[in-house]
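As a plain string of letters, each chain reads:
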Amino acid sequence: MNGNDITALGFRGKAIGLALDAARERAKTGVTNRDVLTELAHVQHHPESFTDDPDYAALARELLGQLAKVPDALRDRPLAYRQWGEDLIEEGARAQMDTAMRLPVSVAGALMPDAHFGYGLPIGGVLATDNAVIPYGVGVDIGCSMKLSVLPIEQLSREEEARLLRRNTRFGAGGSWERKVRPDHDVLDEDTWDEFPLLRQLRDKAAEQIGTSGSGNHFVEFGTLTIDRPDLGLEPGEYVALLSHSGSRGFGAQVAGHYTRVAQNLHPKLDPEARKLAWLDLDREEGEAYWTAMELAGRYALANHEVIHQRIAQTLKVTPLVTVSNSHNLAWKQRFSDGREVVVHRKGATPAAHGQLGIIPGSMADPGFVVRGRGNPAALESASHGAGRQMGRKQAERELDRAAVTRYLEERGVTLLGGGVDEAPQAYKRIEEVIARQADLVDVVAKFTPRVVRMDTGKEDI
DNA sequence: ATGTGC
């Protein structure tokens, strides 16, 4: 019996020493170590039953004291937060943000103009917490991100662009590269994968899926980048560019699912309204492990993009003139305006620190924008991550017809490979309005106009 | 978002 056995049971602070003392007393009376551990587990789960126990009373009282100090009760009222583009944000997203701002661990928050209803924290929600990380504050697709490469080539034909996309990308839930042509990346060789069993188990899946895009709103597309003033090391003009949206695939999804369950189990008394926002303390083993896995998923997702862009650039025998990338589903440790370090969750929000570059896409047939952050502290240095849905997937499938989507694509000269009605441009807010609502969060650097777009095949093909 | 569930 030692301190490790005790902490493995989940005792914290003064309870560790008291549990050790009690364990020694019990051992003296001839109880086996194994039975002592069982008894300790009982005390931990039902401290109220041991307050008069000759050996465990001190421990039980300490545990009850700790419980009283760590209440999961929600605040009566949400902390105040600002919304950018309030007129574009649905009530459901505000209600979810209100719940998040009632969590005892919340410090500050903001809603971006693309905000809409999500799972737990709304998409387009930014939430700062104190020493706690919320798996569903990051989202299921941990590390979901954007990458743009500006290519030193003349305009290609649509057919050529379509061929490059078909040959060098793979889409769909469960999708992976065929074994013979499976790409590799340094991220798969990191020691981090050996840090604990869950990561070890997921490494093979991650290796199978590197360099792939998922389903839903993920895409890889060719288009034109238009720059009006010298920037990004480029002269004003029009450039051929490649833009991708992808995430951490099955690996990240499994990490998210696992730690959401862990967080919910650690907060059984949490108000059902906030159940999906269950958090992990960063100074406890579970929180540390999630943070490690989350950061790995973030690097893995960016590696995914790198592989996709590299394949296409190599086929074209070119090196990109410039690349821009950013994660928009992740948590970061960040200095808050009062000087303390907080955990900033961005669930569908672009980091926009002063001078930081990011990409805000529109839709399959609407422009996207390269932006530069203005470091606005009220938005916790964030911006929108896209246009944001104005219709849910089911609503889009119900209300939009394929002909209207096809016409929209034709009018804008966009060729679509795959794609579904649920991702129709009409299901999204107008990107121009969304960009206009965040002029104090980001400056527009360049505009990307899509031309040939590849996505997963939706439920209903276009 | 994910190839599948408290």
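Residues numbered from 1 in each chain as written. Chains lettered and ligands numbered in written order. Predicted model: local features only at pLDDT ≥ 70, side-chain atom pairs only at ≥ 80, totals over all residues. Heavy atoms only, no water.

The name an unreviewed UniProt entry assigns to chain A is 3'-phosphate/5'-hydroxy nucleic acid ligase, from the organism Deinococcus yavapaiensis KR-236. Looking at chain A in UniProt, the text filed under Catalytic activity (unreviewed entry) is "a 3'-end 3'-phospho-ribonucleotide-RNA + a 5'-end dephospho-ribonucleoside-RNA + GTP = a ribonucleotidyl-ribonucleotide-RNA + GMP + diphosphate". (UniProt positions renumbered as here; feature names shortened; annotations may be inferred.)

Undergrad: Help me understand empty space enclosed by the protein, please; the structure alone is not making it clear to me.
TA: It is the rolling of a water-molecule-sized probe over the atoms that shows where space remains empty. Scanning the entire structure with this criterion turns up one cavity of 30 Å³ or more. Its boundaries defined by the atoms lining it, the largest cavity holds a volume of some 40 Å³. Taken together, Phe219, Glu221, Leu243, Pro361, Gly362, Ser363, Asp366, Pro367, Gly368, Phe448 and Pro450 form the lining of the largest cavity. Of all elements in the fold, only strand E6 (219-227) and strand E17 (442-457) reach the threshold of two or more residues within the lining of the largest cavity. Here the residues of the lining of the largest cavity are counted per class, giving six nonpolar, three polar and two charged. (1 Å grid on protein atoms, 1.4 Å probe; cavity = no way out; pocket = protein on both sides within 12 Å on 5 of 7 lines; lining within 4 Å. Points joined across faces, edges and corners; volume = space filled by probe spheres on them. Helix = DSSP H or I, 4+ residues; strand = E, 2+ residues; numbered from the N terminus. Nonpolar A, V, L, I, M, F, W, Y, C, P; charged D, E, K, R; others polar.)

Undergrad: Would you mind going over the pairing of strand E3 (residues 123-129) with me for this structure?
TA: In summary, the side chains of a regular strand alternate between the two faces of the sheet. With seven of seven residues buried, E3 lies mostly within the body of the structure. One ladder, built from six bridges, connects strand E2 (residues 106-116) with E3; its direction is antiparallel. Following the sheet pairing, alanine 108 is matched in E3 by alanine 128. Taking the residues that link successive antiparallel strands as the turn, the E2-E3 hairpin has six residues, and the phi of glycine 120 there is positive, at about 85°. Both E3 and strand E11 (residues 341-347) contribute to a ladder of five bridges, which runs antiparallel. Counterpart to alanine 128 in the pairing with E11 is valine 344. (Buried < 20%, exposed > 50% of the residue type's maximum accessible area, 1.4 Å probe, protein only. Pairing = 2+ DSSP bridges.)

Undergrad: Would you mind showing me how to read the nonpolar core here?
TA: For soluble globular proteins, nonpolar side chains are generally found buried alongside one another. Core analysis: the largest hydrophobic core is formed by 57 residues, its most contacted members being Met112, Leu148, Leu225 and Leu232. Per-element tally for this core: the top contributor is E17, with six residues. If we ignore the near neighbours within four places in the chain, the residues touching leucine 232 are Leu225, Ile227, Val322, Val324, Leu357, Val370 and Val445. Leu127, Val138, Leu277 and Leu280 belong to the second-largest nonpolar core, a separate cluster that totals 53 residues. (Core = buried A, V, L, I, M, F, W, Y, C linked by side-chain atoms within 4.5 Å. Contact = heavy atoms within 4.5 Å.)

Undergrad: How do you make sense of the packing of helix H8 (residues 197-209) against helix H9 (residues 249-266) when you look at a structure like this?
TA: Following both chains from N to C, one finds H8 and H9 inclined at 150°, their axes separated by 7 Å at the closest point. If you check the angle between H8 and H9, you find them roughly antiparallel. Across from Leu198, Leu199, Leu202, Lys205, Ala206 and Gln209 in H8, the residues of H9 making contact are Arg249, Gly250, Phe251, Gln254, Val255, His258 and Tyr259. Classifying every residue of the contact of H8 with H9 by side-chain character gives seven nonpolar, four polar and two charged. (Axes fitted to C-alpha atoms, helices over the stretch in contact; angles between N-to-C directions. Parallel < 35°, antiparallel > 145°, perpendicular 65-115°, else oblique.)

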